Amino acid sequence: MGKVGETTLFLDLNALEHNFAYLRSKIAPSTKFLGVVKAFAYGSDMVAIAKKLELLGADYLAVAYVIEGVLLRNAGIKTPILVLHPLASNFEEMIDRCLEPSLYSQNILTQFLEAARAKKQVAYPVHIKFNTGLNRLGFKENEIGFIAERLKTSPEAKVVSVFSHLAASEDPNERAFSLNQIDTFKKCSDVLAQKLGYASIRHMLNTSGIINYASEAQFEMVRSGIGLYGYGNDALIDPNLRPVATLKTIISQIHEIGDGETVGYNRAFKTGGTTKTATLPIGHADGIGRQYGKGKASVLINGKEAPLIGNVCMDMIMVDVTGVDCEEGDKVLVFGPQRSAENFASGAGTISYEILTAISQRVKRIVIDH
Ligand SMILES: *Cc1c(COP(=O)(O)O)cnc(C)c1O
């Protein structure tokens, strides 16, 4: 389990390497691979993960916002970086730091071309995002004329890729919808390529897409985030992946509490008999939100389940360790290979993505790479 004297997120880069190889094995060797490292690499350590992915041969990295791309460039990352959700106020900085925008609307396209012109760019790499059914960001099919018109008269930008995003790639019940999205995307990219007079890299699949639609839609590149961090949105896939992040903490104090007493703020937990509780130095300011309190989640102490009791505090949680052989200073596992983040999250009705990205910057990170 590794030593822990305080709440620590251990990041296993060997697991990342394993997951990268597993996901790569699902696609052709010639298909490019984009590693998604937004949100501090899903709450882990963006720079450490990006450096490892660069070493492993990822063709592209993606972040959500320009500020994340800047952090990567400051750390010396040279791999091309796609910014999924740039805003017009960031365009100058983007160009200065060689960050490549996803252009998803007429406004954003027009404003980016203006910025590129002002900065005297030639063939600056841009990515065109199509909305094929997620209805979040992206151009609709009927806007291709506009895109082509603008780009053909704008030598300052070149479309290196066109992409779209599946709305329900993990859900077999939505297969027909996904295949329809794939069809729409094919049509859009064909028409755009024809109008522009050149083809661009096409990409559509996220992690679950790689697992479920590799034969239909891997095109020239795929994009994976959650799979790289060890989760596949599928109990049958998860055993093939290894969680990168392990969150551990320690028992600060143990209490023996009498029958009918209460624990924590708002007296939200009431004992039903003599109860042994442990107080842990991790709370909602560390990413364990209030939704995990009141028994919705549990931690593992010496291999035994210890449910969170009462309300989660800002800096602490209390867990029920009645009948658990443990003492102050013992290690506590919140999630990791032996207790998945998905499992921890599901008790509170959420998903691995949310608990992973919630782990706050206050939590110490230790990177393991050997
Ligand atoms: C976050 C994101 C991904 C990664 O999805 P995973 O399910 O984590 O693999 C891929 N594409 C886009 C557009 C995203 O926003």
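These numbers come from a predicted model, not from an experiment. (Residues numbered from 1 in each chain as written. Predicted model: local features only at pLDDT ≥ 70, side-chain atom pairs only at ≥ 80, totals over all residues. Heavy atoms only, no water.)

Below, the discussion takes up unusual backbone geometry. Of note in this structure, Phe 40 is not a glycine but carries a positive phi near 55 degrees. Relative to the helices and strands, Phe 40 is located in helix 2 (residues 38-43). The backbone phi angle of Asn 233 is positive, close to 55 degrees, even though this residue is not glycine. (Helix = DSSP H or I, 4+ residues; strand = E, 2+ residues; numbered from the N terminus.)

Near the ligand, the surroundings consist of 13 residues, among which Lys 38, Tyr 42, Thr 207, Ile 226 and Tyr 353 are the closest. With respect to the ligand, the side chain of Lys 38 contributes an N or O atom lying 2.7 Å from an oxygen atom. Take Gly 225: an N or O atom from its main chain is 2.9 Å from an oxygen atom of the ligand. Contact with the protein chains hides 93% of the accessible area of the ligand, taken as 390 Å² for the molecule alone. Its residues placed into classes, the shell around the ligand shows five nonpolar, five polar and three charged. (Near = heavy atom within 4 Å. Polar contact = N/O pair within 3.5 Å; in protein donor to acceptor, adjacent residues only side chain to side chain. Areas by Shrake-Rupley, 256 points an atom, 1.4 Å probe, with all protein chains shown as cover. Nonpolar A, V, L, I, M, F, W, Y, C, P; charged D, E, K, R; others polar.)

Let's shift gears to the pattern of salt bridges. Summed over all chains, the structure comprises 13 salt bridges. The closest approach of N and O atoms between Arg 242 and Asp 12, which form a salt bridge, is 3.2 Å. Separated by 230 residues along the polypeptide, Arg 242 in the loop between strand 9 (221-224) and strand 10 (245-250) and Asp 12 in strand 1 (residues 8-12) bring together distant segments of the chain. Assessed through its relative accessible area of 36%, Arg 242 is described here as partly exposed. (Salt bridge = Lys/Arg side-chain N within 4 Å of Asp/Glu carboxyl O. Buried < 20%, exposed > 50% of the residue type's maximum accessible area, 1.4 Å probe, protein only.)

Let us look at the packing of aromatic side chains. A complete count under the given rule lists seven aromatic pairs for this structure. Between Phe 20 and Phe 33 the ring centres are 4.9 Å apart and the planes differ by 65 degrees, which places this aromatic pair in the edge-to-face class. Of the two residues, Phe 20 sits in helix 1 (residues 13-25) while Phe 33 sits in strand 2 (residues 32-36), which places them 13 residues apart along the sequence. Relative accessible area serves as the criterion here: at 6%, Phe 20 is assigned to the buried category. Relative accessible area serves as the criterion here: at 0%, Phe 33 is assigned to the buried category. Taken together, the aromatic side chains of Tyr 42, Tyr 229 and Tyr 353 make up a single cluster linked through ring pairs. Directly above the aromatic system of Tyr 198 lies the positively charged group of Lys 158, at a separation of 4.7 Å from the ring centroid. Directly above the aromatic system of Phe 10 lies the positively charged group of Lys 248, at a separation of 4.4 Å from the ring centroid. (Phe/Tyr/Trp six-rings, centres within 6.5 Å; stacked < 30°, edge-to-face > 60°. Lys NZ or Arg CZ within 6 Å of the ring centre and 35° of its normal.)

Our next topic: the UniProt feature "binding site: substrate" (unreviewed entry) in the chain. Sequence positions flagged by UniProt for "binding site: substrate" (unreviewed entry) are, in local numbering, Arg 136 and Met 314. The annotated residues occupy 179 residues of the chain and do not converge on a single region, their most distant C-alpha atoms lying 32.8 Å apart. Within the secondary structure layout, Arg 136 lies in the loop between strand 6 (124-130) and helix 7 (144-152). When its relative accessible area of 57% is taken as the criterion, Arg 136 is described as exposed. Excluding residues within four positions of it along the chain, Arg 136 makes contact with Asn 131 and His 165. Relative to the assigned elements, Met 314 resides in the loop between strand 16 (304-309) and strand 17 (317-320). For Met 314, the contacting residues outside a window of four places in its chain are Gly 283, His 284, Ala 285, Asp 286 and Arg 362. (UniProt positions renumbered as here; feature names shortened; annotations may be inferred. Contact = heavy atoms within 4.5 Å.)

The UniProt record annotates "domain: Alanine racemase C-terminal" (unreviewed entry) at residues 244-368. Split by type, residues 244-368 is 10% helix and 36% strand. Its first and last C-alpha atoms lie 10 Å apart.

Where interface size is given, it is often the accessible area lost as the parts come together that is meant. Structurally, the chain comprises domain 1 (31-224) and domain 2 (245-368). Computed from C-alpha coordinates alone, the two centres of domain 1 and domain 2 are separated by 38 Å. Overall, the association of domain 1 and domain 2 removes approximately 620 Å² of surface from exposure, summing both partners, and the carbon and sulfur fraction of that is 63%. Viewed at the interface, domain 2 and domain 1 are joined by zero salt bridges. A per-element tally of the side of domain 1 that touches domain 2 places helix 2 first, with four residues. Its residues assigned to classes, the side of domain 1 that touches domain 2 shows four nonpolar, two polar and one charged. (Domains from an automatic or database assignment. Buried area = accessible area lost by both parts, 1.4 Å probe.)

Along helix 4 (residues 66-74), the residues that are buried comprise Val 66, Glu 68, Gly 69, Val 70, Leu 72 and Arg 73. Immediately beyond the C-terminal end of helix 4, within one or two residues, lies Gly 76, with a positive phi of roughly 90 degrees.

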